[in-house]
Amino acid sequence: MNGVHDMGGMHGFGPVEREEHEPPFHAEWEAHVAAINRLVRPAYYNIDEFRFGIERMDPAHYLRSTYYERWLATIEHNLSARGVISPAELESRMELLQRDPDADIPRGAEVVPVPPAPQPAAGTEAAEPRFAIGDAVVTRNAHPTGHTRLPRYARGKHGVIHLVHGAQTFPDSNAHGKGQDPQVLYNVRFDARELWGDSAEPNQTLYLDIWEPYLAPVSAQA
Amino acid sequence: MPYNPEQEPYVSLRTKALESLLIEKGLITPEAVDSVISMFEQDIGPLRGAKVVARAWVDPAFKQRLLDDASTAITELGLPEGSALNVVENTPTDHNMVVCTLCSCYPWSVLGLPPTWYKDFAYRSRAVIEPRAVLREFGLKLDESVRVHVWDSSAEERYMVLPMRPDGAEGMTEEELAALVTRDTMIGVAVVQPPVAAAAAN
């Protein structure tokens with residue numbers, strides 16, 4: 001989706017602000033969010049569903065959130081989508097803890113998490129790579145509304161196959177309950193002038209990992 | 001975006017509510033949460049990456065294996081294979097830097113938890129369109145003749161930079177060399193300082 005998360009090439013965010021001797025976490029809740037995600041994700045949502053949950057945040061909320069707030073948002077979203085914790089349940093638990101921070105919450109018997117409903121078959125093994133190192137390619141100028149990993153700045157652009165990584169889970173399918181749907185992944189090299197025109201800095205190359213469905217041979221589009 | 005403490009009471013309460021529901025439902029235990037947190041907090045940071053770099057500097061055959069197949073090569077140092085790793089080499093004519101514009105993909109297995117600036121909007125938006133300007137903010141001025149290679153991590157492949165061995169590091173042991181290698185040099189926003197300068201900075 002053409003979301004605010006797709007930031008490559010945007011202006012206006014100011015200088016890169018660094019912090020000397022940065023701690024692993026800036027607050028206790030951040031560590032808890034990271035730990036909760038580590039513990040529940042394997043049973044309830046995959047990495048692409050995790051990322052798509054962040055992408056679907058309200059854009060204004062995304063922009064004013066810190067990194068772990070975005071994680072919290074997608075954990076909530078995915079657990080709600082799986083029927084594990086509803087938004088209403090969460091709101092009411094917040095009210096309870098606000099009234100009584102030391103409320104005695106019963107601890108449930110440990111359960112084996114119910115794995116997500118079986119996803120459609122992952123499809124056949126990905127075919128032989130269509131492209132080889134050195135081939136000229138052009139990225140598709142497509143704007144899917146779902147999860148996708150081809151940034152806007154690199155759509156409809158000419159590049160050259162730099163590496164062939166081999167078949168890997170296709171995020172556009174995996175984020176939408178359509179199985180892993182492995183597709184050949186390449187690394188594609190672009191000259192910065194192809195991406196940024198006259199605004200490009202001198203002498204720059206950019207590399208992106210790109211799945212085969214995002215690519216067309218140059219001749220097909222010429 | 002810098003850390004904003006104003007939001008903390010709300011987000012902190014929300015996290016606590018979520019965790020208490022998961023515990024109540026028996027889906028996680030407080031012990032498991034504590035144990036994961038302590039794993040994160042004892043995060044060893046970029047030490048693994050520094051070891052890999054030092055070995056590549058002293059062993060050209062290892063360096064070649066690293067550039068050809070980093071995921072396998074790092075297991076020679078007793079490191080776990082982890083996620084798919086690619087190592088890209090800096091030379092006097094070519095400088096590499098790594099970013100993730102869509103989220104914050106980072107080679108955790110060798111560099112540990114990413115710094116906040118790597119996850120912030122400024123770096124994610126600018127590294128691909130004005131890398132030299134970003135590098136100047138990090139204090140690194142590259143000659144125009146040096147080609148800048150920017151790796152935008154858009155899949156599950158991870159990228160780490162093999163920085164150049166500094167002058168003045170001849171005769172140092174592998175361990176001493178590893179101590180010169182900082183996290184930022186392996187993201188590609190800094191170069192490894194010669195031993196004298198590194199000692200003065202510590």
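In this text the structure is predicted, and so the values were computed from the model without any measurement.

What counts and how
- Residues numbered from 1 in each chain as written.
- Chains lettered and ligands numbered in written order.
- Predicted model: local features only at pLDDT ≥ 70, side-chain atom pairs only at ≥ 80, totals over all residues.
- Helix = DSSP H or I, 4+ residues; strand = E, 2+ residues; numbered from the N terminus.
- Buried ≥ 20, exposed ≤ 12 C-beta atoms within 10 Å, placed from the backbone.
- Contact = placed C-beta atoms within 7 Å.
- Nonpolar A, V, L, I, M, F, W, Y, C, P; charged D, E, K, R; others polar.
- Pairing = 2+ DSSP bridges.
- Axes fitted to C-alpha atoms, helices over the stretch in contact; angles between N-to-C directions.
- Parallel < 35°, antiparallel > 145°, perpendicular 65-115°, else oblique.
- Left-handed = near helix turned anticlockwise from the far one by under 90°.
- pLDDT = per-residue confidence, 0-100.

Quick notes on the overall build of chain B
Consideration 1: Secondary structure assignment for chain B yields twelve helices and four strands.
Consideration 2: Dimensions of chain B, computed from the C-alpha atoms along their principal axes, are close to 60 × 35 × 35 Å.
Consideration 3: Here chain B holds 202 residues, and 44% of them are scored as buried.
Consideration 4: Here the contacts in chain B between residues at least 6 apart in sequence split such that 68% fall between residues at least 24 apart.

Examining the interface of chain A and chain B
Consideration 1: Taken together, the contact between chain A and chain B spans 65 residues of the former and 65 residues of the latter.
Consideration 2: Residue assignment for the side of chain A that touches chain B shows that the elements contributing at least two residues are α1 (28-44), α2 (47-55), α4 (67-81), α5 (87-99), β2 (158-168) and β4 (204-211) of chain A.
Consideration 3: Among the elements that line the side of chain A that touches chain B, the one with the most residues is α1(A), at ten residues.
Consideration 4: Tallied by class, the residues present in the side of chain A that touches chain B amount to 35 nonpolar, 14 polar and 16 charged.

What to know about the environment of Leu90(A)
Consideration 1: Among the secondary structure elements, Leu90(A) is positioned in helix α5.
Consideration 2: For the pair Leu90(A) and Ile54(A), spaced 36 residues apart in the sequence, the C-alpha separation amounts to 18 Å.
Consideration 3: Not counting residues within four places of it along the chain, the set of residues in contact with Leu90(A) comprises Glu76(A), Ile85(A), Ala17(B), Leu18(B) and Leu21(B).

Topic: the pairing of strand β4 (residues 158-162) of chain B
Residues and elements named next belong to chain B.
Consideration 1: The buried count for β4 comes to five of five residues, which makes it a mostly enclosed element.
Consideration 2: Judged by which residues are buried, β4 turns out to be covered on both faces: Arg158, Met160 and Leu162 on one side and Tyr159 and Val161 on the other are all buried.
Consideration 3: Both strand β1 (residues 85-89) and β4 contribute to a ladder of five bridges, which runs parallel. For Leu85, the partnering residue across the bridge sits in β4 and is Arg158.

A short note on the environment of Gly9(A)
Consideration 1: Tracing the sequence through the fold places Gly9(A) in the segment before α1.
Consideration 2: A tally of 19 C-beta atoms within 10 Å means that Gly9(A) is categorised as partly exposed.
Consideration 3: A sequence separation of 186 residues divides Gly9(A) from Leu195(A), and the C-alpha atoms of the two residues are 9.5 Å apart.
Consideration 4: Setting aside residues no more than four positions away along its own chain, Gly9(A) makes contact with Tyr153(A), Ser125(B), Val128(B) and Ile129(B).

Structural notes on the environment of Leu111(B)
Consideration 1: Within the secondary structure, Leu111(B) sits in helix α6 (residues 108-111).
Consideration 2: The residues touching Leu111(B), leaving out its near neighbours within four places in the chain, are Pro46(B), Gly49(B), Tyr106(B), Met160(B), Arg183(B) and Met186(B).

Focus: the packing of helix α3 (residues 47-58) of chain B against helix α4 (residues 60-68) of chain B
All names here are of chain B.
Consideration 1: At a closest axis distance of 5 Å, the pairing of α3 and α4 adopts a crossing angle of 125°. Taken together, the axes of α3 and α4 lie oblique to each other. In terms of crossing hand, the pair formed by α3 and α4 is left-handed. Across the interface between the two elements, Val52, Arg55 and Ala56 from α3 touch Phe62, Lys63 and Leu66 from α4.
Consideration 2: Here the residues of the contact of α3 with α4 are counted per class, giving four nonpolar, no polar and two charged.

Points about unusual backbone geometry
Residue and element names in this part refer to chain A.
Consideration 1: Positive phi values are uncommon outside glycine, yet His21 reaches one of about 50°.
Consideration 2: As for its placement among the helices and strands, His21 is situated in the segment before α1.
Consideration 3: On the neighbour-count criterion, His21 (4 C-beta atoms within 10 Å) is exposed.
Consideration 4: Unlike most non-glycine residues, Asn203 shows phi in positive territory, near 60°.

Section: the confidence of the model for chain A
Consideration 1: Here chain A averages 92 in pLDDT, and 92% of its residues register 70 or above.
Consideration 2: Between residues 120-124 of chain A, whose pLDDT stays under 50, and residues either more than four places distant or in other chains, the model counts nine contacts.

Points about the pairing of strand β3 (residues 183-191) of chain A
All names here are of chain A.
Consideration 1: In terms of burial, β3 is largely enclosed, as seven of its nine residues are buried.
Consideration 2: The pairing of β2 with β3 spans seven bridges and is antiparallel. Each residue of the ladder has a partner; that of Gly166, found in β3, is Leu185.

Topic: the packing of α1(A) against helix α2 (residues 30-41) of chain B
Consideration 1: For the pair α1(A) and α2(B), the least separation of the axes is 9 Å and the interaxial angle reads 110°. With respect to α2(B), the axis of α1(A) lies roughly perpendicular. The crossing of α1(A) and α2(B) is right-handed. Together, Ala31(A), His32(A), Ala34(A), Ala35(A), Ile36(A), Arg38(A) and Leu39(A) of α1(A) and Ala32(B), Val33(B), Val36(B), Ile37(B) and Phe40(B) of α2(B) make up the contact between the two elements.

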